[in-house]
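# A look at the structure
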Amino acid sequence: MSIIQLAAKRLVNNVGEVIVGKKETIELVLVALLCEGHILIEDVPGIGKTMLAKAIARSLDCSFKRIQSTPDLLPSDITGIHFYNQKTSEFEFRPGPIMANIVLVDEINRATPRTQSSLLECMQERQVTVDLETMPLPRPFLVIATQNPVELEGTFPLPEAQLDRFLLRIGLGYPTKDEEGTILSRFQRSNPLDSLTSVLKTDELLKIQELSGQMYVAESVNNYVTAITRASRSHEDIKLGASPRASLGLYHASQALAAIRGRNYVIPDDVKHLAVPALAHRLIVKTEARLRGRSAESILSKIVSTVPVPVEDQS
Amino acid sequence: MKLDWKRGILYLAVMGMEACWLYVLIALLNNKAAGDHLSIAGILALYPASLFFNRLLGRLRWPRACLLGVSWLGWVIGMLLIVKVQLYADIPLSESAWLLSIPQSIVHVIYSLKPEFLILLSTGIIWWLGQRLASRDVSFPMMLRKFQFGLIMLVLIFFAGSRINAVPDNQVPAALIFFLFALFGISVAHAFENTRFSGHNRWPWPGLLFISISLILLMGFLITLMVTPELLQLLWTPFKWAWGLICGLILKVIQFLAGLFPQSEPGKLPPVLSMPPINPEQGKPLAIPKWLRSSLLFTIGVFCIGMALLALWRITSDIFYWLRHKLADMADAEIEPMPGAFKTDFFRLLKYLFFRLLKLRFFFRLRNKEGAVSPEVVSIRKIYRQLLHWAAEHGCPRHISQTPYEYCRTLESLLPDATIDLNFITQQYVMARYGVLLPTGDTLNNLSRSWHRIKQTRLKRASAEQSSGKEES
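Right, let's walk through the structure included here. Bear in mind that the values here come from a model prediction, so they are computed numbers and not experimental data.

Rules of the game
Residues numbered from 1 in each chain as written. Chains lettered and ligands numbered in written order. Predicted model: local features only at pLDDT ≥ 70, side-chain atom pairs only at ≥ 80, totals over all residues. Heavy atoms only, no water. Phe/Tyr/Trp six-rings, centres within 6.5 Å; stacked < 30°, edge-to-face > 60°. Helix = DSSP H or I, 4+ residues; strand = E, 2+ residues; numbered from the N terminus. Buried < 20%, exposed > 50% of the residue type's maximum accessible area, 1.4 Å probe, protein only. Salt bridge = Lys/Arg side-chain N within 4 Å of Asp/Glu carboxyl O. Contact = heavy atoms within 4.5 Å. Buried area = accessible area lost by both parts, 1.4 Å probe. Polar contact = N/O pair within 3.5 Å; in protein donor to acceptor, adjacent residues only side chain to side chain. Nonpolar A, V, L, I, M, F, W, Y, C, P; charged D, E, K, R; others polar.

The next subject is the packing of aromatic side chains. Residues and elements named next belong to chain B. Applying the stated criterion across every chain, the model contains 10 aromatic pairs over all chains. Their ring planes at 15 degrees and their centres at 5.9 Å tell us that Phe 147 and Phe 178 sit as a pair that is stacked. In this pair, Phe 147 sits in helix α7 (residues 140–163) while Phe 178 sits in helix α8 (residues 171–192), placing the two residues 31 residues apart along the sequence. Between Phe 354 and Phe 355, the aromatic rings sit 5.7 Å apart at their centres with planes inclined by 70 degrees, giving edge-to-face as the arrangement. The partly exposed category is assigned to Phe 354, whose relative accessible area is 48%. Look at Phe 355 and you get partly exposed, because its relative accessible area is 45%. By the ring-pair criterion, three or more aromatic residues cluster together here, those being Phe 147, Phe 178 and Phe 179.

Residues and elements named next belong to chain A. Applying the stated criterion across every chain, the model contains 19 salt bridges over all chains. Across the pair Arg 10 and Glu 204 runs a salt bridge whose closest N-O atoms are separated by 2.8 Å. Here Glu 204 lies in helix α8 (residues 202–212) and Arg 10 lies in helix α1 (residues 3–16), a separation of 194 residues in the sequence. For Glu 204, a relative accessible area of 25% puts it in the partly exposed group. Note that Glu 297 is salt-bridged to Arg 169, the shortest N-O span being 2.6 Å.

At the junction of the two partners, chain A supplies 23 residues and chain B supplies 23 residues. For the chain A and chain B pair, buried surface summed over both sides reaches about 1,900 Å², with 54% attributable to carbon and sulfur atoms. The tally of links from chain A across to chain B stands at four salt bridges. For Lys 272 of chain A, the salt bridge identified is with Glu 406 of chain B, shortest N-O distance 2.8 Å. Taken together, chain A and chain B are joined by 11 residue pairs in polar contact (both at pLDDT 80 or more). Going through the elements one at a time, α9 (219–233) and α11 (268–279) of chain A are the ones with two or more residues in the side of chain A that touches chain B. When grouped by side-chain class, the residues that make up the side of chain A that touches chain B number 13 nonpolar, six polar and four charged.

This brings us to unusual backbone geometry. Residues and elements named next belong to chain A. For the bond from Arg 139 to Pro 140, the omega torsion is -10 degrees, close enough to zero to count as cis. Inspection of the secondary structure puts Pro 140 in the loop between β8 (133–136) and β9 (142–147). If you check the backbone angles, Arg 126 has positive phi at about 55 degrees while not being a glycine. Along the chain, the position of Arg 126 falls in the loop between α5 (113–125) and β7 (127–130). Backbone geometry at Leu 132 places phi at a positive 65 degrees, although glycine is not the residue there. Within the element layout of this structure, Leu 132 appears in the loop between β7 and β8.

Laid out in structure tokens, this is it:
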């Protein structure tokens, strides 16, 4: 078993102490973590979005900050400010919550577009600029944002540029009957999150991130990735297809998934598995298609089911 | 005693040659009929048995019909023994099921080639060849004829194998052994009959034999080094281009001539007639039944192949007859001795070939530097291709968007008995196709075995059902 697979197993088991029966979702979070990508968790209230983000943060031996997005949240509340210290008679920089390894941006769509935009530079370039001074963000850096897709009143939908910066958009979904029973019994006396310990150190995480980028991708698989993203651009129901950043994201995410599953090479199954979480949130569906009840996920699934997989010719 | 020893060598050479092409032929059919399950060595062992048995019979002073009857009785016993040992080793001898499988295989030969029929056919041919050899003395012309026939058979089998994508594993060693036996047998037969190409008799025949075999093997080795698929492709490309050009020109001329004729004015179309309703129950009165069509196709195929074989045989016989006449005419010719000339020419030729070879290798190495795939990966991909083809033929083709593992799950649901083998083949294919590690020799052997087991799944299941049905009854 490889180092990455062992680390992944430890982390998945640890988070699994709190989040019951969502191993695939936890695995996807780990994929984003290995690629240094950001995650948008989108689901209805009470599913465990914030709990998942917290459990991930607790499982890593990294600094963790939480930003509760509200309409009156200002960019400086995120990035930090220069304040005048009367004792020293100097301006000092007070870093904002963005200066952490893991940043949970809860209910991100409740923040105003101005505040949301302050995250753009941080997420893409991993640096923050305050009063003409640019400071690098600590490594590793991961933004886990949550949003509620059903409550739209008093919210500001994320712009495309913002969405494109998230590597994956994932949902948790309702638990099954058995899982719900397990949740009740597990949370009966105390919250298991309180007793959760870190299982992955920062330097270990940085090392496996570096290793993950070295996974081999055959030329045929590379072409398969581009075929999927290109097909999204020419689909009749899609107004705006996946960007080259999306291709790159899918490529790196596939490498990470291959590493987690104990392989040192990427296979088309990895790409297929990640196509919807990595690409769906970046597509803009045409209005007429949306009115016909077609979502980005369903269109993308259809695209994936038509793009030929690089396998031997059977004729 | 010396004579018997010499005759033994000649018999051995003839048997060796015939065994080689028979081996390749049976291996080809074995691959198709029994998934390489049959032991070819076991079947070929009948050849010496037939020779000795028929030679022993030949010493008896019985009527010819009686001798023939006894001889073919020997074949029946040998054939049944092979069927029992190779296919039905687990079934008791007293049960008649394995005996009934032979006539069943003959009845079903139009639809599929069964291993029982393959044994029946191959042992029949082998026994007949042994019987024929036992009744004759081996001579130089006979050795030549055997060589001609064997060579044509080998070429035809290789051609057929490449067409049906079932090339036997040991075809190259078998061909090399065939040539060795042929060279050995022809040289020995020629030396014994004391007929030489020149009037000089300075070199003893073992020396000539050794030199000629060495030279031919060396030439064969050089040719195999030089003639690569890339070279053949390179030679073929101009012909292909020229053919395309000629066809294009002909087409243009036809189009020009057609353009000279005035275009007819489109007339008024006749009213559309309604189609009479089709009654599926009624059927087609003039339709040829499927069984008759299969039989006719089989007969026509056999006839065409037979005619082609006959033509080839006739042409090669004429060529060799002409060569023999030419050589016979040269028996009294005097050859001017030129000491050292042969050696000089020979070394010059070798030097020329060597440098040409170096140039060619350098050229193709440059061309194939990128995109070269190791032979191990090629074999795995070939096996997977065969699996895809096989599954598609059995009604389960892979959808273009299915990954190997997804397709494996589909196949597993249809072939639950072969789950382990399907998984193994898929896993190895995925590693070879998308990964970087090369498979080991053991893996390739296991892969080959897995593939053969998958091919036999249906056969095994059918036989298992048959035997369980018998137990119940």
